Every structure is written in structure tokens, then in C-alpha cells.
Amino acid sequence: MPTQTRQTTGPAAQQQGSHHFVLTLQMPQPDRGYVTATFAGTFTPRPGDTRADSYEVMREQITQAHPHLERANVLFFSLERNQL
């Protein structure tokens with residue numbers, strides 16, 4: 001089964017967000033196995049947003065940029081404060 005992985009982050013010049021996220025999507029491909037894509041970066045939720053709200057925003061932005069992943073399954077999602 002071939003697997004294709006893509007990692008993206010925001011532009012280096014952009015200020016880091018208050019949270020770090022990792023989102024992995026997988027889409028079956030007829031006769032070719034699966035396409036798996038991992039996206040990572042920083043994100044600042046709007047005041048009052050929940051983790052679920054943030055997930056929906058990130059998923060929408062990713063699938064707008066990569067429409068072939070619109071119906072992909074979520075394999076992994078993490079959203080944590082971006083501080084050590």
C-alpha cells in the first residue's frame with residue numbers, strides 16, 4: 001500500500017500561535033492503497049472557542065487547500081498550548 005505524507009507549517013515570518021496542532025488525515029485510493037497527510041503548525045483560537053471549534057476551523061482550512069482530502073478519515077488530532 002503506497003503512502004504519501006505531507007507536512008505543512010505556517011510561514012516562518014508569521015508570529016507563532018498560542019497553540020500547536022498536528023492533524024493526520026487518510027483517504028483510500030482505488031487500486032492504490034491510501035494517501036496519508038499530516039499537517040502541523042501553530043494556531044490561535046478565537047476568544048471563547050473550544051477545542052472542537054478549533055478542529056473544525058483547521059479541518060476546513062486544510063480541506064479548502066487540499067480538496068481531495070475533504071472526505072478523508074482523521075487518524076490523529078492534537079491541539080496543545082504552544083509553550084514549554
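Cut-offs and rules
- Residues numbered from 1 in each chain as written.
- Predicted model: local features only at pLDDT ≥ 70, side-chain atom pairs only at ≥ 80, totals over all residues.
- Heavy atoms only, no water.
- Helix = DSSP H or I, 4+ residues; strand = E, 2+ residues; numbered from the N terminus.
- Buried < 20%, exposed > 50% of the residue type's maximum accessible area, 1.4 Å probe, protein only.
- Contact = heavy atoms within 4.5 Å.
- Areas by Shrake-Rupley, 256 points an atom, 1.4 Å probe, with all protein chains shown as cover.
- Phe/Tyr/Trp six-rings, centres within 6.5 Å; stacked < 30°, edge-to-face > 60°.
- Salt bridge = Lys/Arg side-chain N within 4 Å of Asp/Glu carboxyl O.
- Core = buried A, V, L, I, M, F, W, Y, C linked by side-chain atoms within 4.5 Å.

Enquirer: How should I be thinking about the overall build of the protein chain in this particular structure?
Expert: When you go through the protein chain residue by residue, the secondary structure sums to one helix and three strands. Listing each helix as α and each strand as β along the protein chain from the N terminus yields β-β-α-β. Looking at the 84 residues of the protein chain, the share that counts as buried comes to 36%. A separation of at least 24 residues holds for 64% of the contacts in the protein chain among residues at least 6 apart in sequence. Accessible surface, the protein chain as shown: approximately 6,100 Å² in total, 49% of it carbon and sulfur.

Enquirer: In this structure, what is going on with the packing of aromatic side chains? I would like to understand it.
Expert: Aromatic ring pairs are defined here through the distance separating the ring centres and the angle between the ring planes. Throughout the structure, instances matching the rule amount to one aromatic pair. An angle of 75° between the planes, with centres 5.1 Å apart, marks the rings of Tyr55 and Phe77 as edge-to-face. One end of the pair, Tyr55, is in helix α1 (residues 51-65); the other, Phe77, is in strand β3 (residues 73-81), and 22 residues separate them in sequence. In this structure Tyr55 comes out as buried when scored by relative accessible area, which is 18%.

Enquirer: When you look at the pattern of salt bridges in this model, what are you seeing that I'm missing?
Expert: Side-chain pairs of opposite charge can arise where the charged atoms are in close proximity. Applying the stated criterion to the full structure yields one salt bridge. Note that Asp49 and Arg46 form a salt bridge whose closest N and O atoms lie 3.0 Å from each other.

Enquirer: How should the nonpolar core be read in this particular structure?
Expert: Nonpolar side chains tend to gather and get buried jointly when the protein is soluble and globular. Counting 13 residues, the largest nonpolar core has Phe21, Leu25, Phe39 and Leu69 as its most contacted members. Those elements giving two or more residues to this core turn out to be β1 (19-29), β2 (33-43) and α1. Ranked by the residues each element gives to this core, the list is headed by β1, at four residues.

By themselves, these figures tell us nothing about what the structure is for.
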